[in-house]
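Notes for the structure review
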Amino acid sequence: MSARWTTAVLDPQIAGGWAVARSPAGFLVDDNGALFPRDWLKRQGLDVLCEHGIGHFDGEPVFLLELRSATDVPGMTWRGLRQFMLEGDFETYKLLGYAAQIGTWAREHRFCGSCGQPMTQIRWERAMHCLACDLRSYPRISPSMIVLVTRGDEVLLARSPRFVSGVYSTLAGFAEPGESAEDCLVREVREEVAVEVGNIHYVGSQCWPFPHSMMLGFHAEYAGGEIVMQPDEIEDARWFNVHDLPPLPANRSIARYLIDLYVARRLGLPEPTLPN
Ligand SMILES: NC(=O)C1=CN([C@@H]2O[C@H](COP(=O)(O)OP(=O)(O)OC[C@H]3O[C@@H](n4cnc5c(N)ncnc54)[C@H](O)[C@@H]3O)[C@@H](O)[C@H]2O)C=CC1
Ligand SMILES: [Mg+2]
Ligand SMILES: [Zn+2]
């Protein structure tokens, strides 16, 4: 089965194709979704900051119009990326997730971080270039570890004050310079719940475009300590029995996959697959 969505660097000088428009309010949508005929969309008086050719959907070229602001377009509304992650066609979500990461990067790299001069868009690779000092900036990806810690029939789940009320999830955190994936995982678990872990195994990864994380998912076994919650970051953390779980994260998240996979193995149920 070939993927409906593939990324590519396309020259915005060429005409035609499809386009999506993204502003700080989200993606422009109508009843048919977020993809519009590009030449038509460019006549709608949008406040375009920059344009990038981002790939092919069902074989057709797709472009991103990154907008300065959300202007009113009759018959259309704005929808955030999270909404697309939660429901609807997954390939469309992947396209928009990629568009969001390119848009965020393009918006944040208009000026050189080294000498402050305006940067120009390179046509043949996804990079911004500073003519004055020759610096190249590529889209940023932030590796984050995410881990399900288990103790027999029990799983360690926590909630942050930012979560939807009632939902508990696996522990996660960004890698810092100087760390391996395992170093980061051990540090994050220590910081967030003061628990020690061992027998660490890599399970799988997921692109998480909120705004540019790359989630590396692990399973680890409890190796000691009592839960002490990190102030501010962790609102509650507990051991839950696999037969008595709280409300869990969104179906398409790797957090949910790590939990569902462990529960399935523990209970001898069919294993889930990670949407990717
Ligand atoms: N796909 C999934 O299933 C899940 C994804 N996540 C994602 O994992 C990531 C990390 O999770 P958190 O627990 O929030 O991280 P965390 O435990 O490292 O703490 C977040 C804090 O890290 C700092 N920070 C923000 N961006 C950073 C960066 N790029 N590098 C280093 N530090 C940074 C900020 O002070 C922020 O408040 C987030 O993007 C979150 O959305 C978290 C849980 C589930
Ligand atoms: Mg965290
Ligand atoms: Zn420069």
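Residues numbered from 1 in each chain as written. Chains lettered and ligands numbered in written order. Predicted model: local features only at pLDDT ≥ 70, side-chain atom pairs only at ≥ 80, totals over all residues. Heavy atoms only, no water.

Here we take up the coordination of the magnesium ion (ligand 2). Coordination of the magnesium ion (ligand 2) by the protein comes from Ala172 (O) and Glu192 (OE), over a distance range of 2.1 to 2.2 Å. Of this pair, Ala172 sits in strand E13 (residues 171-174) while Glu192 sits in helix H4 (residues 181-193), and the two are 20 residues apart along the sequence. Taking the relative accessible area as the measure of exposure, Ala172 reaches 29% and is therefore partly exposed. (Donors = N, O, S within 2.8 Å, 3.2 Å for Na, K, Ca; no water. Helix = DSSP H or I, 4+ residues; strand = E, 2+ residues; numbered from the N terminus. Buried < 20%, exposed > 50% of the residue type's maximum accessible area, 1.4 Å probe, protein only.)

To continue, consider the site of ligand 1. Within the structure, ligand 1 sits among 18 residues, and Ala172, Phe174, Glu192, Ser213 and Ala255 are positioned closest to it. Here an oxygen atom of ligand 1 sits 2.9 Å away from a polar atom, N or O, in the main chain of Ala255. Within the complex, 65% of the 840 Å² of free accessible area of ligand 1 lies under protein. Its atoms largely coinciding with the cavity grid, ligand 1 occupies the largest pocket. Among the elements of the structure, strand E11 (142-151), E13, H4, strand E14 (196-208), strand E15 (213-224) and helix H5 (254-267) are those that each provide at least two residues to the shell around ligand 1. Here the shell around ligand 1 is composed, by residue class, of eight nonpolar, six polar and four charged. (Near = heavy atom within 4 Å. Polar contact = N/O pair within 3.5 Å; in protein donor to acceptor, adjacent residues only side chain to side chain. Areas by Shrake-Rupley, 256 points an atom, 1.4 Å probe, with all protein chains shown as cover. 1 Å grid on protein atoms, 1.4 Å probe; cavity = no way out; pocket = protein on both sides within 12 Å on 5 of 7 lines; lining within 4 Å. Sits in = over half its atoms within 2 Å of the grid points. Nonpolar A, V, L, I, M, F, W, Y, C, P; charged D, E, K, R; others polar.)

A separate point is helix H3 (residues 90-108). Between its first and last C-alpha atoms H3 spans 27 Å; for 19 residues at 1.5 Å apiece the expected length is 27 Å, and the two agree. Of all 19 residues that make up H3, 15 are buried, and the element is covered over most of its length. (Expected span 1.5 Å × (residues − 1).)

Another point: the domain arrangement of the protein. According to the domain assignment, the protein contains domain 1 (5-108) and domain 2 (142-267). Computed over C-alpha atoms, the centres of domain 1 and domain 2 are 32 Å apart. At the interface, twelve residues of domain 1 touch eight residues of domain 2. Across the domain 1 to domain 2 interface the summed buried area is about 900 Å²; carbon plus sulfur atoms make up 62%. Interface area lost by domain 1 to domain 2 is led by Arg82, Met85 and Gln101, which between them contribute 50%. The interface formed by domain 1 and domain 2 contains zero salt bridges. (Domains from an automatic or database assignment. Contact = heavy atoms within 4.5 Å. Buried area = accessible area lost by both parts, 1.4 Å probe. Salt bridge = Lys/Arg side-chain N within 4 Å of Asp/Glu carboxyl O.)

In spatial order, the strands read E8-E9-E10; together these three strands make up an open sheet with antiparallel pairing. At either end of the open sheet lies a strand with only one pairing partner, and these are strand E8 (120-121) and strand E10 (136-137). Sheet topology places strand E9 (residues 128-129) next to E10; two bridges connect them, and they run antiparallel. Bridge pairing in E10 links Met128 to Ser137. (Pairing = 2+ DSSP bridges.)

The next subject is the environment of Gly75. Turning to its location among the elements, Gly75 is positioned in the loop between strand E6 (60-67) and strand E7 (77-79). As for Gly75 and Ser160, which are separated by 85 residues in sequence, their C-alpha atoms are 37 Å apart.

Here the focus is the pairing of strand E2 (residues 18-23). With five of six residues buried, E2 is to be regarded as a mostly interior element. Bridging between E2 and strand E4 (residues 36-37) involves two bridges; their strand directions are antiparallel. From the neighbouring strand, Ala19 faces E4, where its bridge partner is Phe36. Taken together, the five bridges between E2 and E6 define a ladder with parallel strand orientation. When the sheet's bridge partners are listed, Trp18 is paired in E6 with Val62.

Turning next to the UniProt feature "binding site: substrate" (unreviewed entry) in the protein. The UniProt record marks Arg82, Glu125, Tyr138, Gln206, Cys207, Trp208, Pro209, Phe210, Pro211, His212, Ser213 and Ala255 with the feature "binding site: substrate" (unreviewed entry), using the residue numbering of this structure. Spatially, the listed residues are scattered: they cover 174 residues, and their C-alpha atoms lie as much as 32.5 Å apart. Set against the largest cavity, the annotated residues that line it come down to Glu125. Following the sequence through the fold, Gln206 ends up in strand E14. Those residues in contact with Gln206 that sit more than four places away from it in its chain are Ser213, Met214, Met215, Arg252, Ser253, Ile254, Leu274, Pro275 and Asn276. Mapped onto the secondary structure, Ser213 falls in strand E15. (UniProt positions renumbered as here; feature names shortened; annotations may be inferred.)

Moving on, we get to the side chain of Ser160. By secondary structure assignment, the location of Ser160 is in the loop between strand E12 (154-159) and E13. A relative accessible area of 5% places Ser160 in the buried class. Those residues in contact with Ser160, other than ones at most four positions away along the chain, are Glu233 and Glu235.

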